[in-house]
Amino acid sequence: MAGLACGFALTVSGCSAGSGGGSGGGSDAAPASSSSRAVASGGTSYAPYVSATEAVGTDTAGSPTTYNLAFVIAKGSACTPAWDGTHAVDDPAVASRIARLKKPGGSVRVSFGGESGKELAATCTGASALARAYGEALDAAGTDQADFDIEGDELTDSASVALRSRAIALLQRQRPRLKVTFTLPVMPSGLDSDGLRLLESANTHDVQVSSVNIMTMNYGESYTGDMGDYAETSAKAAHTQVKKVFALSDAAAWEGMALTSMIGVNDVDGETFSLADAAQVRSFAEDRHIGWVSMWSTFRDRPCRPGTPDQSDALTNCSGVKQSPGAFAKAFSG
């Protein structure tokens with residue numbers, strides 16, 4: 001276990017290489033300090049999810065350190081990466097958008113997967129082909145940061161989980177500076193068995209993990225309490241798990257975590273994440289020196305227009321709660 005644990009700590013606390021695989025060393029900083037922008041007090045940066053294909057006025061609210069570009073998935077059933085499964089990764093319009101996001105000094109992280117469509121590990125038939133597909137998207141975005149948002153059927157498919165781990169390890173051997181984040185669903189009790197098996201698979205294949213990003217949202221109809229409190233409870237439970245899986249200290253495990261909340265009305269009846277919840281999560285993250293906080297998403301960080309129907313349901317382009325545009329970004333960025 002000592003050698004496997006180092007695979008995580010390499011990009012969190014700078015332990016020396018020696019376990020094989022990627023060669024990131026002590027100079028390979030954690031995501032919290034990977035941008036030229038100043039990190040807010042407490043060492044916790046703000047890195048929201050944004051659409052890779054469509055700009056909105058709230059993208060830059062809160063001066064993000066990093067933008068998570070959502071999402072690269074497979075184009076149909078082919079081993080071909082595409083934004084939302086429809087736009088080529090080298091689409092000039094997307095490239096122009098990425099350049100505009102980077103211009104003020106932020107960085108970008110390509111997010112693979114998400115809730116809809118097929119993650120590339122479900123369509124590519126070998127580790128080399130999968131690594132090549134991931135690399136094409138990273139090169140098009142001009143970044144060495146990759147997020148793997150694995151949920152639903154993709155999380156329970158042991159074959160694709162193992163293939164993905166092999167491909168990422170291969171990619172990191174080719175690109176020693178590549179920083180990898182896993183974004184996983186969580187409950188107040190912590191990561192489920194599938195999420196833990198994914199992290200164990202990454203360990204087994206010597207993937208160098210920069211952070212474990214938990215999705216503090218959509219817990220289920222049995223959870224009707226305060227969303228800010230649930231986020232804290234989920235984070236504490238996941239912290240215990242991350243600490244154990246990677247044999248880390250308390251501090252290193254917190255630094256190697258990230259929290260992503262779905263702002264406003266969530267997909268589960270009765271779950272509404274408020275501005276007060278966002279401020280609570282930010283304060284909690286700063287207190288424990290969590291690497292970064294995020295939200296789904298900048299294109300929801302605005303009030304719904306008057307007369308918008310079904311504001312009790314989660315909408316794609318507004319939060320469903322009373323707010324000013326960009327208010328959640330400001331709360332999360334501190």
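For clarity, every value in this text was computed on a predicted model and none was experimentally measured.

Draft legend 1. Seen up close, the environment of Ala329. Counting through the fold element by element, Ala329 comes out in helix 10 (residues 327–333). When its relative accessible area of 0% is taken as the criterion, Ala329 is described as buried. Expressed as a C-alpha distance, the spacing of Ala329 and Pro64, which sit 265 residues apart in the sequence, is 8.3 Å. Every residue in contact with Ala329, bar those within four places of it in the chain, is listed here: Tyr46, Ala61, Gly62, Met295 and Asp301.

Draft legend 2. Main features of unusual backbone geometry. Along the chain, Ala70 connects to Phe71 via a cis peptide bond; the corresponding omega equals -20°. Relative to the helices and strands, Phe71 is located in strand 3 (residues 66–74). With omega at 0°, the peptide bond leading from Trp296 into Ser297 counts as cis. Along the chain, the position of Ser297 falls in the loop between strand 13 (292–296) and helix 10. Positive phi, normally seen in glycine, also occurs at Asp84, with a value near 60°. Along the polypeptide, Asp84 turns up in the loop between strand 4 (81–83) and strand 5 (87–88). One non-glycine residue, Asp206, adopts positive backbone phi at about 65°. Along the chain, Asp206 turns up in the loop between helix 6 (193–204) and strand 9 (209–216).

Draft legend 3. Structural view of the nonpolar core. The biggest cluster of nonpolar side chains holds 81 residues, and the ones touching the most others in it are Phe112, Tyr134, Phe182 and Phe332. With residues near it in sequence (within four places) discarded, Phe112 still touches Val72, Glu119, Leu120, Tyr134, Ala137, Leu138, Ala146, Asp147, Phe148 and Asp149.

Procedures and definitions
Residues numbered from 1 in each chain as written. Predicted model: local features only at pLDDT ≥ 70, side-chain atom pairs only at ≥ 80, totals over all residues. Heavy atoms only, no water. Helix = DSSP H or I, 4+ residues; strand = E, 2+ residues; numbered from the N terminus. Buried < 20%, exposed > 50% of the residue type's maximum accessible area, 1.4 Å probe, protein only. Contact = heavy atoms within 4.5 Å. Core = buried A, V, L, I, M, F, W, Y, C linked by side-chain atoms within 4.5 Å.

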